[in-house]
Amino acid sequence: MGKGDEKNKTAKGKKIENSDRACSDEYDDKTDKTNFKWDPLRNIADDPDEALNIVDSRLTNLEKEYFKSQKDIDENFNNVFSASSISRREFIQWTALLTSALMLPTIFAPRVARAANILTRTPFIWLDMSDCMGNTEAFLRTAHPTPAEIILNYVSVDYMESIMVPAGYQAEARRDETVKKYKGKYILVVEGAIPTGMNGKFLTIGAKGKTGLEITKATAKNAGVIIAVGNCASYGGIPAAYPNPTGSVGLSSVTNRQVINIPACPANPVNLVGTLVEYILIGKAPMLDSLGRPLWAYSGRLHDNCYRRGHFEAGEYVKQWGDDGAKKQYCLYMMGCKGPFTWNNCTVAQYNQDMSFPMRAGHGCIGCSEPAFWDRMTPFEKPNLDAKIFIPGVEATADEFGVALFGAAGVGMAAHAIYTGVKRRKNNKEKEKNNGKDNDNNKDKK
Amino acid sequence: MGNINSSGNDSDLKVVHRMTVIKRIIHWTLFLSIINQIITGMYIAYPFLIFGKTPTQADSPVSGVLNSGETYQAFIMTWMREFHFIGAVLIDVSFFAWLYLAFFSTKEPLYKSFLPFGNKINEMYKMIKHYFTLKNKPETGKYQDPLNAIIFTFFHLLLLLQMATGFQMYVASFTGTSAVGAWWPAMLHICTDWTLWVFGGLTGVTLTHLFITWLIIIFIFYHIYIEVWRSIVWKEGDILIPFGGYKYSRDNLKEDDTD
């Protein structure tokens, strides 16, 4: 934090007075002065100094709002990390990691640290819709949590069914109060798909029996930033798998505000914290891809970044679980790895305390960060070639159906050929007869 | 041949020019590259030859495991994909040349025969009828008959679909820029991203690509069959068209001059 403060002091000189906080009472994206260019993937901004100034003034304002004094700022992280025995050094290392993961220049590292500090005090609502709470579990239950997970454990959660103290009416009152008090400032994280069938009656939550649909709509309306975490919240996930009797949809389908999707099953804590930190830094969503995912995390295809890619190119594949190829870490393409169809950063920012990801563990990717992965990526342990094709009335793979059609066409052609042969012979005979007659007639005439 | 001699029609045979050099080049380019695409594409979909020897993956022509030595010597998938891409480029160039000629060919713009208008659709049914009755052979001397024209058009639409789905899979590994500049992946995204919505994600696109391959294989066999059939039944040397560009014609000769 010391470094961050130094940077802060130097930046204060250039501070633009009228630069507005994004977390103002007007939470509409358009009224925020956050329309500056922000493109970490290429060049940060047209004017880098301007971007830095905006970020710095934003952080200063947020610190003023959420912390009592400079002492409070400095002590906050010590308190958070001392409980988990993370040293300042480890935190600084993690800051560097996150900065580079966010594709930001090094100059942003201290600012990322400050933003992470602010993040632990930012009002936070975590809604659970229809899902297995796998993301919550993944974030909360880690034996050796990384700073990302610790930050998630210490965020100022005002409403989160799984860990909150209030219950029943009190819990709901707490949520409503947060929505009212921190209008346009609070972070809304939604986990789980939202059932829309029967007007949302498939999911009712709380003492008043409100539907998940109502709660989500009401809470999303005034949120500062809306994040859908996990595949269910992003695209409907498993609750929305065919035939989807509850009419479950992703969060972006029920609100007309911008939703940042952090898909995967469960989502990587680094991706969630990184996105939140970037929101704290710039007050708006990071660059998103066409599926609403932050580009810094989801721009790389797993197959292209996989450490087994060389074996793919060399034609060396695991053919059977536990065969010699598996021991030698050959490519899992023929064991149904969906890495070629999946965009995520598992291979870079890994799971389980930055330790592993599916391919390293010896199993193929199941494509959990893609829409409708339960329908599109199955069967998980067979190559995509063995998937059934979506043609009504056809229950076959592309090859089976293709071969069947080819066979039918072949039979048809053969039948036609035989038919032609028979018919021609008949015609010829008739012709010969006719010719004979004609000849006879001619002879007669002659 | 006895028939022809006996009916004394030999003098009626007339040589007709049907395919220009460019069209023949397009035809055989497509032929060779599609054969190449089928072989390499099937390998990419299902790598049937496993290179690289391990004790449990020993040499066996039955299971398709061949020893190619060290990993760095194999690179079989790389080569398959490389040839698949080269074949794709050849098909694309041929396709667009075909498309141009289909509209602007001075000899015979194909759109005149494939657009199903008026008597064209009638002629098409006549040809189908002829295939099953062997009677009343429609006139196919100078130009392509509408049935063939429509089937060829359908085939080229399949090629177009293959291009769209193929380029969608190709552009998947780009991250916004390329060796020739950002316009290339951007253009491919603009042209092919609709396939993701139509066919259900990249896996659906892949399966579509594979399924259309089968339709193309069926077309190839149909095409060869019907041309051989025509050559045998009509005795007009239809099979010679893509080689020499000429066929013989025995019908419609009197009205030919009025064309």
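Owing to the predicted nature of the structure, the values given are computational and were not obtained by experimental measurement.

Give a description of the overall build of chain B that names residues and reports values.
The secondary structure content of chain B amounts to 12 helices and 4 strands. Looking at chain B as a whole, 48% of its 259 residues are labelled buried. Across chain B, the fraction of contacts at a sequence separation of at least 24, relative to all contacts at a separation of at least 6, is 68%. In the form shown here, chain B has an accessible surface area of approximately 13700 Å², with 70% of it arising from carbon and sulfur atoms.

I'd like a rundown of helix H8 (residues 168–181) of chain A, residues and numbers included.
Residues and elements named next belong to chain A. The end-to-end C-alpha distance of H8 is 20 Å, a good match for the 20 Å that 14 residues give at a rise of 1.5 Å each. Residues of H8 that are buried: Ala 171, Glu 172, Arg 175, Thr 178 and Val 179. The buried side chains of H8 occupy one side of the element, clustering within an arc of 125° when seen end-on. Every exposed residue of H8 that faces more than 90 degrees away from the buried side is listed here: Tyr 169, Gln 170, Lys 180 and Lys 181. Check the buried side of H8 and you find it contacts strand S1 (124–128), strand S2 (157–160), strand S5 (204–205) and helix H9 (212–221).

Could you give an account of the pairing of strand S9 (residues 259–262) of chain A, naming the residues involved and the relevant values?
Residues and elements named next belong to chain A. Along S9, one buried face is formed by Val 259 and Asn 261 and the opposite face, lined by Ile 260 and Ile 262, is buried too. Pairing between strand S7 (residues 225–229) and S9: 4 bridges, direction parallel. The residue of S9 that forms the bridge with Ile 227 is Ile 260.

Account for the interface of chain A and chain B, naming residues and giving values.
It is common to give the size of an interface as the accessible area that goes away when the parts come together. Counting from both sides, the interface comprises 48 residues of chain A and, opposite them, 49 residues of chain B. Carbon and sulfur atoms supply 63% of the area that chain A and chain B bury against each other, a total of about 4300 Å² over both sides. For the interface between chain A and chain B, the tally reads 1 salt bridge. Measuring nitrogen to oxygen at the nearest pair gives 3.5 Å for the salt bridge that ties Glu 313 of chain A to Arg 81 of chain B. The interface formed by chain A and chain B holds 15 residue pairs in polar contact (both at pLDDT 80 or more) in total. Among the secondary structure elements, those contributing two or more residues to the side of chain A that touches chain B are helix H14 (309–313) and helix H19 (398–445) of chain A. Examining the composition of the side of chain A that touches chain B, we find that 18 residues originate from one element, H19 of chain A, more than from any other. Here the residues of the side of chain A that touches chain B sort into 24 nonpolar, 10 polar and 14 charged.

Go over the sheet that holds S1 of chain A with me, naming the residues and quoting the values.
All names here are of chain A. In spatial order, the strands read S2-S1-S3-S7-S9; together these 5 strands make up an open sheet with parallel pairing. Where the open sheet ends on each side, the last strands, each with one partner, are S2 and S9. Neighbour-to-neighbour, the strand axes of this sheet turn through a mean angle of 20°, independent of strand direction. Of the strand pairs in this sheet, S1 and strand S3 (residues 187–191) are connected by 5 bridges, and their pairing is parallel.

Residue-level account of the confidence of the model for chain B, with values.
All names here are of chain B. When pLDDT is averaged along chain B, the result is 82; 81% of the residues meet or exceed 70. Mean pLDDT values for the elements of chain B range from 41 in helix H1 (residues 2–7) up to 93 in helix H2 (residues 21–45). Segment residues 1–8 is flagged for pLDDT under 50; beyond a separation of four residues in sequence, or across chains, it makes 8 contacts in the model.

Which residues make up the nonpolar core, and what values do they have?
Within the largest apolar cluster, 55 residues are counted, with the highest numbers of intra-cluster contacts made by Leu 119, Leu 272, Val 277 and Leu 281 of chain A. Of all the elements, helix H11 (residues 269–282) of chain A adds the most residues to this core, at 9 residues. Those residues in contact with Val 277 of chain A, other than ones at most four positions away along the chain, are Leu 98, Leu 102, Val 112, Ala 115, Ala 116 and Leu 119 of chain A. In terms of nonpolar packing, the next biggest core, distinct from the first, is built from 45 residues, Leu 101, Ile 151, Phe 152 and Trp 214 of chain B among them.

Account for helix H8 (residues 183–192) of chain B, with residues named and values stated.
All names here are of chain B. Within the sequence span of H8, burial applies to Pro 185, Leu 188 and Thr 192. Within H8, the buried residues cover an arc of 60° as seen down the axis, which keeps them to one side. Residues of H8 that are buried in the fold lie against helix H7 (146–171) and helix H9 (194–199).

Lay out a nonpolar patch on the surface with the relevant residues and their values.
Residues and elements named next belong to chain B. Residues Leu 13, Val 15, Ile 224, Val 228, Ile 232, Ile 239, Leu 240, Phe 243, Tyr 246 and Tyr 248 make up a contiguous nonpolar surface patch of about 870 Å² in total accessible area. Counting residues per element, the ones that place at least two in the nonpolar patch are helix H10 (201–234) and strand S4 (246–249). Examining the composition of the nonpolar patch, we find that 3 residues originate from one element, H10, more than from any other. One can find Val 228 in helix H10. Look at Val 228 and you get partly exposed, because its relative accessible area is 35%.

How would you sum up the packing of aromatic side chains? Please name residues and give values.
Residue and element names in this part refer to chain A. Overall, the coordinates contain 30 aromatic pairs over all chains when judged by the stated rule. Ring centres of Tyr 307 and Phe 357 lie 6.1 Å apart, and the angle between their planes is 90°; on these two criteria the pair is classed as edge-to-face. Of this pair, Tyr 307 sits in the loop between helix H13 (302–305) and H14 while Phe 357 sits in the loop between helix H16 (351–354) and helix H17 (358–361), and the two are 50 residues apart along the sequence. Note on Phe 357: relative accessible area 4%, which makes it buried. Plain terms: the ring middles of Phe 312 and Tyr 317 are 6.1 Å apart, the flat faces sit at 80° to each other, and that makes the pair edge-to-face. An identical accessibility class is assigned to Phe 312 and Tyr 317; each is buried.

So, unusual backbone geometry: which residues are in play, and what are the values?
Cys 265 of chain A connects to Pro 266 of chain A through a cis peptide bond whose omega is -5°. Here Pro 266 of chain A shows up in the loop between S9 and H11. In this structure, Asn 199 of chain A is a non-glycine residue whose phi angle is positive, near 55°. Here Asn 199 of chain A lies in the loop between strand S4 (194–195) and S5. Residue Leu 134 of chain B is not a glycine yet carries a positive backbone phi of 60°. Inspection of the secondary structure assignment puts Leu 134 of chain B in the loop between helix H6 (118–133) and H7.

Would you mind going over the pairing of S1 of chain A in detail, with residue names and values included?
Residues and elements named next belong to chain A. Judged by how many residues are buried, S1 sits mostly within the fold: 5 of 5 residues are covered. In this structure, S1 lies alongside S2, joined through 3 bridges in parallel fashion. If you follow Phe 124 over to S2, its bridge partner there is Val 157.

If you had to explain the side chain of Glu 172 of chain A to someone new, which residues and values would you point to?
With respect to the helices and strands, Glu 172 of chain A occurs in helix H8. Once residues within four sequence positions are removed from consideration, Glu 172 of chain A is found in contact with Ile 205, Gly 206, Ala 207 and Lys 208 of chain A.

Outline the pattern of salt bridges, listing residues and values.
For side chains bearing opposite charge, pairing can occur when the charged atoms are close. Residue and element names in this part refer to chain B. Counted according to the given criterion, the structure contains 18 salt bridges over all chains. A salt bridge links Asp 145 to Arg 230, with the nearest nitrogen and oxygen atoms 2.7 Å apart. Highlighted residues: Asp 145 in the loop between H6 and H7 and Arg 230 in helix H10, separated in sequence by 85 residues. Each member of the pair, Asp 145 as well as Arg 230, is classed as buried.

Reading the values: rules and limits
Residues numbered from 1 in each chain as written. Chains lettered and ligands numbered in written order. Predicted model: local features only at pLDDT ≥ 70, side-chain atom pairs only at ≥ 80, totals over all residues. Heavy atoms only, no water. Helix = DSSP H or I, 4+ residues; strand = E, 2+ residues; numbered from the N terminus. Buried < 20%, exposed > 50% of the residue type's maximum accessible area, 1.4 Å probe, protein only. Contact = heavy atoms within 4.5 Å. Areas by Shrake-Rupley, 256 points an atom, 1.4 Å probe, with all protein chains shown as cover. Expected span 1.5 Å × (residues − 1). Arc of directions from axis to C-beta. Pairing = 2+ DSSP bridges. Buried area = accessible area lost by both parts, 1.4 Å probe. Salt bridge = Lys/Arg side-chain N within 4 Å of Asp/Glu carboxyl O. Polar contact = N/O pair within 3.5 Å; in protein donor to acceptor, adjacent residues only side chain to side chain. Nonpolar A, V, L, I, M, F, W, Y, C, P; charged D, E, K, R; others polar. Axes fitted to C-alpha atoms, helices over the stretch in contact; angles between N-to-C directions. pLDDT = per-residue confidence, 0-100. Core = buried A, V, L, I, M, F, W, Y, C linked by side-chain atoms within 4.5 Å. Patch = residues over 30% accessible without salt bridge, like charges linked within 9 Å, V, L, I, M, F, W, Y side chains within 5 Å. Phe/Tyr/Trp six-rings, centres within 6.5 Å; stacked < 30°, edge-to-face > 60°.

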